[in-house]
Amino acid sequence: MPHTVAIRTRSCAQRGFQAGVRTWWWLVKMMLPITFGVALLQWAGVIATLSEWLTPAFSHIGLNGEGVLTFLTGMSASIYAAIGVMGTLNLDYRSVTILAVMTLIAHNLIVESVVQRKAGCRSAWGMAALRVTMALLTAWILNRILPEGYSGTLLLAHRDVADTSFAAVMQNWALAQAKLLPLMFVIIVSLNILQQILREFHWIGYLTTPLAPLMKAFGLAPGCAFLWIVLNTLGLTYGSSVMIGEVENGNIPLRDARRLNAHAAMNHSLLEDTLLYAALGVGLFGLIVPRVVMAMAVVWGERLFEQLRTRHTLPHPKHS
């Protein structure tokens, strides 16, 4: 028996390694040109110019030009980039809270939307548009319900603006990729091996069964629980690497994958991304609850739309 277990485990490791390498290489080919393009846009001042144009519109959600710049940076790059921009600006607690929720919903849009398209959603553009729309809607709601005097202590270290020369921007991009890609390889391959082992020995049920009521409340299928755990512990890019394999192998129905994608678009990486802003002093309630509520609203809204569409397309019974 131990010999059989070892053989099965080794087989899982081989399958997981091969699947992980394929997914990692696809991500590398997709991410390098996209992140390079974003770096060029930042160096050329395109994002800063857009923030100036959009400032009048963003005033309706309580943000000035500095807030717009932060959101556009996070939307095109990452939450780390958004926090880096915050460190060069003088934003108050209320603005940072709104921006935190916005960037938690809509960040790294180009990369993550392409990943979600491969992981089962209908359209990368549609997913990006959904996240931006819901980020703006959530910000509008928060701007209405948060008191004008909403305040707290921010642990945000302000620093001088970094060198924005072409050489410095390219160097920062190259160093970031050199650190990120090996880490991605380790995480994605490890996740795929773990997923193969859990499925081979029928251990996924031990993880997913206790979460079945939570999945039901979210409007998701119980079988999505394992992927939900991965998406909320390791984030959308890494989590989707496992989800891509599940979709391609037919282990998760496309309808369930689309709903999980919609949920994850609003609410993923509850661990790392949330703690990044919590470390700056932003309250956990404001960081978590709006995203969870919006994720539920999107999924249940999609389910309602599907039901209405189905009823509309059903043939009407003939009256005698």
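Here the residue index of a chain counts from 1 through its sequence in written order. For a predicted model such as this one, the threshold for reporting local features is a pLDDT of at least 70, and the threshold for listing and counting side-chain atom pairs is 80 or more; totals across whole chains, interfaces and linings nevertheless cover every residue. Only hydrogens and water are set aside; all other atoms, that is, all heavy atoms of the structure, feed into the side-chain values.

A separate point is the layout of surface pockets. Estimates place the volume of the second largest pocket at around 400 Å³. Both site types are read off a 1 Å grid over the protein atoms alone. A 1.4 Å probe that fits but cannot get out defines a cavity, while an open set with protein on both sides within 12 Å along at least five of seven lines defines a pocket; lining residues have an atom within 4 Å of a point. Around the second largest pocket, the lining comprises 16 residues; the ones closest to its centre are Met 75, Leu 109, Ile 110, Trp 125 and Ala 128. Runs of E in the DSSP output that reach at least two residues are strands. Runs of H or I that reach at least four are helices, and both are numbered from the N terminus. Elements with a contribution of two residues or more to the lining of the second largest pocket: helix 2 (46-58), helix 3 (65-76), helix 6 (109-118) and helix 7 (124-145). The greatest single-element share of the lining of the second largest pocket, amounting to five residues, is contributed by helix 7. Across the lining of the second largest pocket, the residue classes break down as 14 nonpolar, two polar and no charged. Grid points are joined across faces, edges and corners, and a volume is the space filled by probe spheres set on the points. Think of it as three bins: nonpolar holds Ala, Val, Leu, Ile, Met, Phe, Trp, Tyr, Cys and Pro, charged holds Asp, Glu, Lys and Arg, and polar takes everything else, Gly as well.

Glancing now at helix 13 (residues 254-266). To estimate how far a helix should extend, the number of its residues minus one is multiplied by 1.5 Å. Under the 1.5 Å per step criterion, the end-to-end length of helix 13 is 19 Å for 13 residues, consistent within 8% with the ideal 18 Å. For every residue, the accessible area (1.4 Å probe, protein chains only) is compared with the maximum for its type, and the residue is labelled buried under 20%, exposed over 50%, or partly exposed between those bounds. Counting buried positions along helix 13 gives eleven out of 13 residues, so the element sits mostly inside the fold.

The next thing to look at is the packing of helix 12 (residues 236-248) against helix 13. Angular values range over 0 to 180 degrees, each being the angle between N-to-C directions of two axes fitted as lines to C-alpha atoms, with helices fitted over their stretch in contact. Taken N-terminus to C-terminus, the directions of helix 12 and helix 13 make an angle of 175 degrees; their axes are 11 Å apart at the nearest point. Looking at the two axes, helix 12 sits roughly antiparallel to helix 13. When helix 12 is examined against helix 13, the residues Leu 236, Met 243 and Val 247 are found in contact with a partner set consisting of Leu 254, Ala 257, Leu 260, Asn 261 and Ala 264. Among the residues making up the contact of helix 12 with helix 13, the classes are represented as seven nonpolar, one polar and no charged. Orientation is classified from the angle alone, with under 35 degrees giving roughly parallel, over 145 giving roughly antiparallel, 65 to 115 giving roughly perpendicular, and any other angle giving oblique. Residues are treated as being in contact if the distance between any of their heavy atoms lies within 4.5 Å.

Mapped onto the secondary structure, Ala 278 falls in helix 14 (residues 272-278). C-alpha of Ala 278 to C-alpha of Pro 253: the two residues are 25 residues apart in sequence and 36 Å apart in space. The residues contacting Ala 278, other than those within four sequence positions of it, are Leu 284 and Leu 287.

As a further point, take the pattern of salt bridges. The rule for a salt bridge is simple: a side-chain nitrogen of Lys or Arg has to be within 4 Å of a carboxyl oxygen of Asp or Glu. In this structure the tally under the stated criterion is six salt bridges. Arg 8 is the partner of Glu 200 in a salt bridge, and the nearest nitrogen-oxygen pair spans 3.0 Å. Placement of Glu 200 in helix 8 (residues 166-200) and of Arg 8 in helix 1 (residues 2-44) is noted, with a sequence separation of 192 residues between them. Given the relative accessible area of 26%, Glu 200 is considered partly exposed. In this structure, Glu 306 and Arg 259 form a salt bridge, with 2.6 Å as the shortest nitrogen-oxygen distance. Of this pair, Glu 306 sits in helix 15 (residues 284-313) while Arg 259 sits in helix 13, and the two are 47 residues apart along the sequence. Each member of the pair, Glu 306 as well as Arg 259, carries the same accessibility label: buried. It is possible to trace a salt-bridge network through shared partners that takes in Arg 8, Arg 15 and Glu 200.

This part takes up the packing of aromatic side chains. Any two of the Phe, Tyr and Trp rings considered here, Trp counted by its six-membered ring, make a pair once their centres fall within 6.5 Å; the pair's planes then place it as stacked at under 30 degrees, edge-to-face at over 60, or tilted in between. Counting across every chain of the model gives nine aromatic pairs. Every member of this aromatic cluster is reached through a ring pair, and the members are Phe 17, Trp 24, Trp 25 and Phe 185.

UniProt positions are given in the numbering used here, feature names are shortened, and annotations may be inferred rather than shown by experiment. When the UniProt feature table is mapped to this numbering, "domain: Nucleoside transporter/FeoB GTPase Gate" (unreviewed entry) covers residues 25-106. Helix makes up 80% of residues 25-106 and strand 0%. Its end C-alpha atoms lie 25 Å apart.

All of the buried residues in helix 6 are Leu 109, Val 111, Glu 112, Ser 113, Val 115 and Gln 116. Looking one or two residues past helix 6, Gly 120 carries a phi angle of roughly 120 degrees, positive in sign.

This next bit is on a nonpolar patch on the surface. Taken together, the side chains of Leu 41, Val 46, Leu 50, Trp 53 and Leu 54 present a nonpolar region at the surface, about 450 Å² in accessible area. Secondary-structure assignment places Leu 54 in helix 2. Only residues above 30% relative accessible area that lack a salt bridge enter a patch, with like-charged residues linked at up to 9 Å and the nonpolar side chains Val, Leu, Ile, Met, Phe, Trp and Tyr linked at up to 5 Å. Areas reported here follow the Shrake-Rupley algorithm with a probe of radius 1.4 Å; residue values treat only the protein chains shown as occluding.

Structurally, Arg 199 can be placed in helix 8. Note on Arg 199: relative accessible area 34%, which makes it partly exposed. Think of a polar contact as two N or O atoms within 3.5 Å of one another; within protein, one of them needs to be a possible hydrogen donor and the other a possible acceptor, and neighboring residues in sequence only count if both atoms come from side chains. Only 2.4 Å separates the side chain of Arg 199 from the side chain of Glu 246, close enough to count as a polar contact.

What follows is about the side chain of Gln 177. Here Gln 177 shows up in helix 8. Take Gln 177: its relative accessible area is 10%, and that puts it in the buried class. Once residues within four sequence positions are removed from consideration, Gln 177 is found in contact with Leu 32, Thr 35 and Pro 182.

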